[in-house]
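Observations on chain architecture
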Amino acid sequence: MDAISGLKKIAIIGGGPGGLTLARLLQLKGAKVNVYERDLNKNARVQGSPLDLHDESGLAAIIKANLLDEFKNNLLPGADRKKIVNERAEVFFSDHETKLEENFGSEYFRPEILRGTLRKIFLESLHPETVVWNSHFISMEKQDEGWLLHFKNENSAYADIVIGADGANSKIRPYITNIKALYSGIIMLEGNIYNAKNAAPKISALLNGGKIMAFGNKKNILMGQKGNDEIGFYASFKAIENWPANSGLDFSDKTQLLEWFKKEYFEWSSIWYELFENTTTPFIPRPIYCIPLDQTWEALPNLTMLGDAAHTIPPFAGEGANMAMLDALELSECLTSDKFDTVHEAISFYEINMRKRAAIAAKESLENGERMHSEKALNTMLGFFSAH
Ligand SMILES: Cc1cc2nc3c(=O)[nH]c(=O)nc-3n(C[C@H](O)[C@H](O)[C@H](O)COP(=O)(O)OP(=O)(O)OC[C@H]3O[C@@H](n4cnc5c(N)ncnc54)[C@H](O)[C@@H]3O)c2cc1C
């Protein structure tokens, strides 16, 4: 008998990569699960850079979820190829000629998939009505042995176990711990270009369907191919946490942002201007946060969390979504294992390992962030990639 047999209902708050992976894995074991997601419906556009899934985490979860074929049919071939360039866009490293398009089973193969496509694959694998859309969680209180959840649309729902998978600004997390993520000192200014072949031909040709990491003095530009001829890019630099408000910039004004770039990235060549002249949506400044590496708390009997809700990790090692999916894999195994007599024991075991893993990934990511924003970032990163 596993810890969750006999229980009526598990509620997962949030239908990101972590929450949906958990729902699928628990359903495969026969558990009764609902996902409460704030998006209005399944057609809501999921934004953000494509995700590269890693062999030991994201891909391991996909395989356990019996979704590898669907994943293979939908990945972005070649999007994991990269070039490392300097501020004048001179190429110092490229694996475009050497990298295999498919190499499943290799720890170095990190296939890319669009976030929206990954969500669709999971949604199609779940029982109908598993996801309750338009359910923006706002609060909960104890009821009987479980929790009564309240949503913005004034609906309520009861669950025996609640799992917070509601991302970096989790509303579930404060019910578990007061520990907050800390500002990393880095801002990533996001822009997106539609119809990139026409709108930004020089950059598009250089990108060639893969990724570019451009390193200058303490600053960089990171970009990657998305679907539908779209490019997503980030100008990434060190700044104070409230730079977005203090900068005086209107992020919907491309001209202002181009002038800002020319001033702040003054050593960079004019090829990059294409990005700022042709951004299709308003720029989004993203201050990057990280959990304290030593965070800890006492496990609760019927409430836990995973993914960014449990551990916001800076994106400099591409680990966040992978960790969220691995959390889901491990939590589902703990909850359905006959090793634990109670849900409390299962949660406690899961959380100890999850915190350890997340701290290692967060440290690695912070160190990468430092390398990528150092004075000699280009040389440091070239050395780093040739060693890995
Ligand atoms: C710039 C940038 C680049 C990144 N690149 C990568 C990468 O290449 N590889 C990688 O692995 N990771 C990357 N990450 C990190 C990755 O995006 C996250 O770690 C990952 O999305 C976390 O998954 P999650 O399921 O925990 O949370 P999320 O993806 O944040 O999903 C949370 C879900 O919960 C819903 N939700 C939120 N609040 C509520 C509420 N109150 N009620 C109901 N629903 C709610 C949201 O709508 C969302 O669907 C990047 C992050 C950033 C900022």
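Residues numbered from 1 in each chain as written. Predicted model: local features only at pLDDT ≥ 70, side-chain atom pairs only at ≥ 80, totals over all residues. Heavy atoms only, no water.

As for unusual backbone geometry
For clarity, the cut-off: Here a strand is any run of E in DSSP of at least two residues, a helix any run of H or I of at least four, and the numbering for each starts at the N terminus.
In the Ramachandran plot, Asn195 falls in the positive-phi region, its phi being about 45 degrees despite a non-glycine side chain. By the secondary structure assignment, Asn195 is in the loop between strand E12 (182-193) and helix H5 (196-199).

Considerations on the packing of helix H1 (residues 17-28) against helix H10 (residues 320-335)
This is how the line gets drawn: Lines fitted to C-alpha atoms define the axes, with helix axes restricted to the stretch in contact, and inter-axis angles between N-to-C directions lie between 0 and 180 degrees. In these notes the angle categories are as follows: under 35 degrees is roughly parallel, over 145 is roughly antiparallel, 65 to 115 is roughly perpendicular, and the rest is oblique. In a left-handed crossing the near helix is turned counterclockwise from the far helix by less than a right angle, and in a right-handed crossing that turn is clockwise. Residues count as neighbours in contact if any of their non-hydrogen atoms are within 4.5 Å of one another. For this classification, the nonpolar set comprises Ala, Val, Leu, Ile, Met, Phe, Trp, Tyr, Cys and Pro, the charged set comprises Asp, Glu, Lys and Arg, and every other residue, Gly included, is treated as polar.
With their axes 8 Å apart at the nearest point, H1 and H10 run at an angle of 30 degrees to one another. Relative to H10, H1 is oriented roughly parallel. Taken as a pair, H1 and H10 cross one another with a handedness that is right-handed. Contact residues: Pro17, Gly18, Thr21, Leu22, Leu25 and Leu26 in H1; Ala321, Ala324, Met325, Ala328, Leu329, Leu331, Ser332 and Leu335 in H10. Tallied by class, residues from the contact of H1 with H10 come to eleven nonpolar, three polar and no charged.

Let's talk about the site of the ligand
Note the following rule: One heavy atom within 4 Å of a molecule or strand makes the whole residue count as near it. Pairs of N or O atoms within 3.5 Å make up the polar contacts considered here, provided that, within protein, one atom can donate a hydrogen while the other can accept it, and that residues adjacent in sequence are counted only when both atoms are side-chain atoms. Here, Shrake-Rupley sampling with a 1.4 Å probe gives the accessible areas, and only protein chains in the shown set may cover a residue.
Gly18, Glu37, Arg115, Asp308 and Ala321 are the nearest of the 33 residues found near the ligand. Glu37 places a side-chain nitrogen or oxygen 2.7 Å from an oxygen atom of the ligand. In this structure, an oxygen atom belonging to the ligand sits 3.0 Å away from a side-chain N or O atom of Arg119. For the ligand, the accessible surface in isolation is 990 Å², of which the surrounding protein chains cover 86%. At four residues, the largest contribution of residues to the shell around the ligand is made by H10.

Description of the pattern of salt bridges
Put simply, the test is: By convention in these notes, a salt bridge is any Lys or Arg side-chain nitrogen within 4 Å of a carboxyl oxygen on Asp or Glu. The classification of residues rests on relative accessible area computed with a 1.4 Å probe and restricted to protein chains. Under 20% of the type maximum is buried, over 50% is exposed, and intermediate values are partly exposed.
Per the counting criterion, the structure on display carries 17 salt bridges. Linking Arg119 and Glu37 is a salt bridge whose minimum nitrogen-to-oxygen distance equals 3.5 Å. With Arg119 in helix H4 (residues 115-125) and Glu37 in the loop between strand E2 (33-36) and strand E3 (51-52), the pair connects residues that are 82 residues apart, well separated along the chain. Overall, the relative accessible area of 7% leaves Glu37 in the buried class. Across the pair Asp95 and Lys82 runs a salt bridge, and its minimum N-O distance is 3.9 Å.

Considering the sheet that holds strand E13 (residues 211-215)
Here is the rule: Strand pairing requires that DSSP identify at least two bridges connecting the strands.
Strands sit in the order E5-E4-E13-E14-E15-E12-E16 across an open sheet of seven strands; the sheet is mixed. Edge strands, defined here as strands with exactly one partner in the open sheet, are strand E5 (91-94) and strand E16 (284-290). On average, adjacent strands in this sheet sit at an angle of 20 degrees to one another, irrespective of strand direction. Here E12 pairs with E16 via six bridges, running antiparallel. When the bridges of E16 are listed, Ile187 appears paired with Pro287.

A closer look at the side chain of Thr304
Positionally, Thr304 belongs in strand E17 (residues 303-305). Within the structure, the side chain of Thr304 is placed 2.6 Å from the side chain of Glu351, a separation counted as a polar contact. With sequence-adjacent residues up to four places away left out, Thr304 is seen in contact with Val162, Ile163, Gly164, Ile172, Ile176, Leu331, Ile347, Tyr350 and Glu351.

Points about H10
Test applied: Helix span is expected to be 1.5 Å times the residue number reduced by one.
The first and last C-alpha atoms of H10 sit 22 Å apart over 16 residues, in line with the 22 Å expected at 1.5 Å per residue. A large share of H10 lies buried, amounting to 14 of its 16 residues.

A closer look at the sheet that holds E2
With parallel pairing, the five strands of this open sheet are ordered in space as E7-E2-E1-E11-E17. Edge positions in the sheet fall to strand E7 (131-132) and E17, since each of these pairs with one other strand and no more. With four bridges joining them, strand E1 (residues 10-13) and E2 adopt parallel strand pairing. Following the sheet pairing, Ala11 is matched in E2 by Asn34. Packing against the sheet, H1 makes contact with E1, E2, E7 and strand E11 (161-164), and its axis sits at approximately 170 degrees to E2. Strands in contact with helix H11 (residues 343-372) are E11 and E17; relative to E17, the strand with the most contacts, it is inclined by about 25 degrees.

Details of the domain arrangement of the chain
The line we're drawing: Residue ranges assigned to each domain were obtained from an automatic or database domain assignment. Put simply, buried area is how much 1.4 Å-probe accessible surface two parts lose in total, over both of them, once they are put together.
Here the chain is partitioned into domain 1 (9-75 + 111-180 + 292-367) and domain 2 (182-290). Centre-to-centre, using C-alpha coordinates, domain 1 lies 30 Å away from domain 2. Listed by partner, the interface residues are 15 residues for domain 1 and 15 residues for domain 2. At the boundary of domain 1 with domain 2, total buried surface from both sides reaches about 1200 Å², with 65% on carbon and sulfur atoms. Linking domain 1 with domain 2 are one salt bridge. With a closest N to O distance of 2.8 Å, Glu112 and Lys211 form a salt bridge. Inspection of the domain 1/domain 2 interface yields one residue pair in polar contact (both at pLDDT 80 or more).

Digging into the UniProt feature "binding site: FAD" (unreviewed entry) in the chain
The cut-off we apply is this: UniProt positions are given in the numbering used here, feature names are shortened, and annotations may be inferred rather than shown by experiment. Only protein atoms enter the 1 Å grid used here, on which a cavity is any set of points holding a 1.4 Å probe that cannot leave and a pocket is any open set flanked by protein within 12 Å on both sides along at least five of seven lines; residues with an atom within 4 Å of a point are listed as lining.
Under the local residue numbering, the UniProt record ascribes the feature "binding site: FAD" (unreviewed entry) to Asp52, Arg115 and Asp308. Of the annotated set, the members that line the second largest pocket are Arg115. Tracing the sequence through the fold places Asp52 in strand E3. We classify Asp52 as buried; its relative accessible area is 18%. Discounting chain neighbours no more than four positions away, the residues touching Asp52 are Arg110, Pro111, Glu112, Gly318 and Asn322.

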